[in-house]
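Residue-level structural notes
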Amino acid sequence: MMKKLQRAWLTFCTLLLATVVMAQTDTTVVRDSVAADSVTIVADSMPERMKIAILTSLYLDSAFDAAGNYQYDDKQFHPFGKAGLEFWEGAQLAIDSLKKEGLKLDIHVFDTRSTRIPFDSLIAGNHLRSMNLIIGHVNLNEAAQLARFAAVLNIPFINTNVPNDAEVTNNPNYVVLNSTLFTHCNGIYKFLQRNFALSNIVVFRKKGAAEDRLRQYFTEIEKNTNSVALKLKYVTLPDNFNTAHLTAHLDSNSTNVVLAGSLDLKFAQSLCQQLSSLSRNYTTTIFGMPNWDDIDFTKSLYRGIEVYITTPFYIDPANKLAGALNNFYRKEFFVPASPTVYLGYETIYHFAHLLDIHKENIGSSLGDKKYILFTDFDIQPVINRQSQTLDYFENKKLYMVKKVDGVVKAVY
């Protein structure tokens, strides 16, 4: 099975590379500026067509040599290119759907790890200046540069994956789809207010600047709440904490609500494992951070505890389109579609439709939900508290996912 997957993946990459090379001869986009580092989906490009740029890390130049030969063992994936490639796979499936629906758009993909047109040159050159929309699966530094570029050129930039405002202010062209940490904290706090307001809520944390920032977020949310504030008890645990440090703050006669006040996954795993070991005598509900999706709660180490995690992206297993996409992906690549594949599909499909409808006015219509597929995007303006001006747009929709023994039991 793994050999089939690797063969399919290498075939996909080779075809993608071939498509990139062909792009310089079968399109009317300026050849010497785009060269071999972008893919143009619509060959008969016309000036009046709306143009979309997709930026993601494909690592094509390091994965293949000049002759198109894969430079790694055929049993090995490129060590860094998996996430960007999966995003592009999802995007390509969306493009197929858009073509079948008859949308007339030019869609270009740029490899942010290209050595022939490095990212800084891509931003400084003319490659993106004619675009009407930029969609990126990028890192924080790239998101910040693209946001500045979008502000100057008045081109909307959709940051699909970095949950960070990139220190952007006064930029109505910057959209954060993967909700920021502050938004997650706000969502957790309001959920606790609605469902656990009278519970014993303990915030277990460790020392650190990130942990102090989390506490500052919750304190700010508490000061601005319109409801009764929660009574959060903050407990800073030592580096090598044990169950005794935890039981000193737990009640064996009622349900304990634990809020993990740290993004450190090792701290999170230790906290959950030790609370699990106490589950016979202490009933505990744990609220984690958004990066807890990386923890496998099906392991026996985490038995006996309820875990709540916030996420802006949730794929409902009952969604027929999601099921069809997953079945197709399994058939092609012998593995289920990853969350990044779904993200690539729905962002390209959704925002391409909005661009097709609203044209140059897409910036004022980002909240249009007509073409939502899997995720109920709730794109709202983020207002600067000091200046009372718009800083950027952000997806404020959060799903609260409840897991017991690693199995999703409820979604709120």
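Structural data are supplied above this passage.
Just so it is clear, the model here is predicted, and its values are computed rather than measured.

Our focus in this paragraph is the sheet that holds strand β11 (residues 306-311). Reading across the sheet, the 7 strands line up as β8-β7-β9-β10-β11-β14-β15 and stay open at both edges, with mixed pairing between neighbours. Either end of the sheet is taken by a strand with one partner, and the two such strands are β8 (232-236) and β15 (407-411). Each neighbouring strand pair of the sheet contributes to a mean axis angle of 25°, computed without reference to strand direction. Relative to β11, strand β10 (residues 284-287) runs parallel, the two sharing 3 bridges. Looking across to β11, one finds that Phe 287 is bridged to Tyr 308. Contacts from helix α7 (residues 181-195) reach β8, β9 (256-260), β10, β11 and β14 (399-404) within the one sheet, and its direction differs from that of β11 by about 135°.

A separate point is helix α8 (residues 209-224). An α-helical segment advances 3.6 residues per turn. Residues three or four places apart therefore align on the same side. With 16 residues, α8 should reach 22 Å at 1.5 Å per residue; the first-to-last C-alpha distance of 23 Å fits that figure. Taken together, the buried positions of α8 are occupied by Glu 211, Leu 214, Tyr 217, Phe 218 and Ile 221. Buried residues of α8, viewed axially, fall in a sector of 115°; they line one side. Residues of α8 that are exposed and angled more than 90 degrees away from the buried face: Ala 209, Gln 216 and Lys 223. The secondary structure elements touched by the buried residues of α8 are α7, β7 (200-205), β8 and β9.

Here Met 289 is to be found in the loop between β10 and β11. Judged by relative accessible area, Met 289 falls into the buried class, the value being 0%. Note: C-alpha distance between Met 289 and Cys 185 (104 residues apart in sequence) is 8.4 Å. Once you skip the residues sitting within four places of it in the chain, Met 289 turns out to touch Leu 181, Ile 188, Leu 214, Leu 259, Ala 260, Ser 262, Leu 263 and Ile 309.

This next bit is on helix α10 (residues 265-277). Here α10 is 13 residues long and its end C-alpha atoms lie 18 Å apart, about the 18 Å a rise of 1.5 Å per residue gives. Where α10 is buried, its residues meet β7, α9 (243-247), β9 and β10. The N-terminus of α10 is capped by Asp 264, whose side-chain oxygen sits 2.9 Å from the backbone nitrogen of Lys 266.

In this fold, Thr 311 is placed in strand β11. Side-chain polar atoms of Thr 311 contact the backbone oxygen of Phe 313, separated by 2.9 Å. The residues contacting Thr 311, other than those within four sequence positions of it, are His 184, Asp 293, Lys 397, Leu 398, Tyr 399 and Val 401.

About the criteria used
Residues numbered from 1 in each chain as written. Predicted model: local features only at pLDDT ≥ 70, side-chain atom pairs only at ≥ 80, totals over all residues. Heavy atoms only, no water. Pairing = 2+ DSSP bridges. Helix = DSSP H or I, 4+ residues; strand = E, 2+ residues; numbered from the N terminus. Axes fitted to C-alpha atoms, helices over the stretch in contact; angles between N-to-C directions. Contact = heavy atoms within 4.5 Å. Expected span 1.5 Å × (residues − 1). Buried < 20%, exposed > 50% of the residue type's maximum accessible area, 1.4 Å probe, protein only. Arc of directions from axis to C-beta. Polar contact = N/O pair within 3.5 Å; in protein donor to acceptor, adjacent residues only side chain to side chain.

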